[in-house]
Amino acid sequence: HYRCRSAFKLLEIDDRLHILRPGLSVLDCGAAPGAWSQVAVERVNALGTDPAAPTGFVIGVDLLRISPLEGAVFLSQADITDPGTQRTIQNLLPAEKVDVILSDMAPNATGIKELDHQKLISLCLSLVNLSQSILKPKGTMLCKFWDGHESRVLQNKLKEQFQDVRTIKPQASRKDSSESYYLARLYKGK
Ligand code: SAM
């Protein structure tokens, strides 16, 4: 029932590393068509399906249109790097900040590996900056990147700001792709 096979990457990562649980609030960056948000809605109990567990919250943002999903709030046709989008997100959050930032974002690929790599790294770096205003202390960030020269820059930046940073290569990611994820936990922000 998932909108996209990418759901299995998040399920696999979460089964292993437990980043989602009932009651958490989640920002899903690059959410279209919405499969990661479907997983997040289930795992944080955003619909209150389990009345005995706390109810979470999911907000998804994408440049593209995203069809509505019960349990999630979507900001379609919005650029996460735009300060206007960031203000809108904050107005929609039940609390000031989120527990988890997920990013499966990918820029439109040019086919030039080095350039695509750099573009995705800068997108991820902009999320690290966004964390300051939107991520709770001890919060988690999971972001996709395409491996290359500047992965280290992103990794080092994450290590400055999070206590625990690891690299994940889900089975569900195609073997030939340079796609990996950084999982950064225990945000040091105030
Ligand atoms: N995780 C999604 C799912 O499971 O349905 C799939 C995400 S898809 C691989 C990557 C998405 O990132 C695209 O829909 C793209 O429009 C979005 N994206 C790229 N740059 C973005 C930006 N600056 N702001 C918001 N979304 C962006």
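Rules and cut-offs
- Residues numbered from 1 in each chain as written.
- Predicted model: local features only at pLDDT ≥ 70, side-chain atom pairs only at ≥ 80, totals over all residues.
- Heavy atoms only, no water.
- Near = heavy atom within 4 Å.
- Polar contact = N/O pair within 3.5 Å; in protein donor to acceptor, adjacent residues only side chain to side chain.
- Helix = DSSP H or I, 4+ residues; strand = E, 2+ residues; numbered from the N terminus.
- Contact = heavy atoms within 4.5 Å.
- Axes fitted to C-alpha atoms, helices over the stretch in contact; angles between N-to-C directions.
- Parallel < 35°, antiparallel > 145°, perpendicular 65-115°, else oblique.
- Nonpolar A, V, L, I, M, F, W, Y, C, P; charged D, E, K, R; others polar.
- Pairing = 2+ DSSP bridges.

Colleague: Explain the site of the ligand to me, please; I cannot follow it from the model alone.
Modeller: Residues in contact with the ligand amount to 19 residues; listed here are only the nearest, Ser 6, Ala 35, Asp 62, Asp 79 and Asp 104. Side-chain polar atom of Asp 104 to a nitrogen atom of the ligand: 2.8 Å apart, as the coordinates give it. A distance of 3.5 Å separates an oxygen atom of the ligand from a polar backbone atom of Ala 106.

Colleague: Quick question: what am I supposed to make of the environment of Ile 89 here?
Modeller: Its location among the elements puts Ile 89 in helix α3 (residues 83-92). When the C-alpha atoms of Ile 89 and Gly 60 are compared, they prove to be 9.2 Å apart, with 29 residues separating the residues in sequence. With near-sequence residues (within four places) excluded, Ile 89 lies in contact with Leu 27, Ile 59, Val 61, Leu 75, Ile 80 and Ile 134.

Colleague: Explain the packing of helix α4 (residues 113-134) against helix α5 (residues 151-161) to me, please; I cannot follow it from the model alone.
Modeller: Packed helix pairs are specified by the crossing angle of their axes together with the interaxial distance, meaning the distance between the axes. Two numbers describe how α4 lies on α5: the axes approach to 9 Å, and their chain directions differ by 10°. Here α4 is positioned roughly parallel relative to α5, judged by the angle of their axes. For the pair α4 and α5, the contacting residues are His 117, Ile 121, Cys 124, Leu 125, Val 128 and Asn 129 in the first and Ser 151, Val 153, Leu 154, Lys 157, Leu 158 and Gln 161 in the second. Partitioned by chemical class, the residues of the contact of α4 with α5 number 7 nonpolar, 4 polar and 1 charged.

Colleague: Would you take a moment to explain the sheet that holds strand β1 (residues 25-29) for this structure?
Modeller: The strands that make up a sheet are held in pairs by hydrogen bonds between backbone atoms, and each pair lies either parallel or antiparallel. In spatial order, the strands read β3-β2-β1-β4-β5-β7-β6; together these 7 strands make up an open sheet with mixed pairing. One side of each edge strand has no neighbouring strand; the edge strands of this open sheet are β3 (72-75) and β6 (162-168). Shown here is a sheet whose adjacent strand axes are inclined to one another by a mean of 15°, direction ignored. One ladder, built from 4 bridges, connects strand β2 (residues 57-61) with β3; its direction is parallel. If you follow Val 61 over to β3, its bridge partner there is Leu 75. Sheet contacts for helix α2 (residues 35-43): β1, β2, β3, β4 (98-103), β5 (135-146) and β7 (179-187); angle to β2, the most-contacted strand, approximately 170°. Along the sheet, α4 makes contact with β1, β4, β5, β6 and β7, crossing β5 at roughly 175°.

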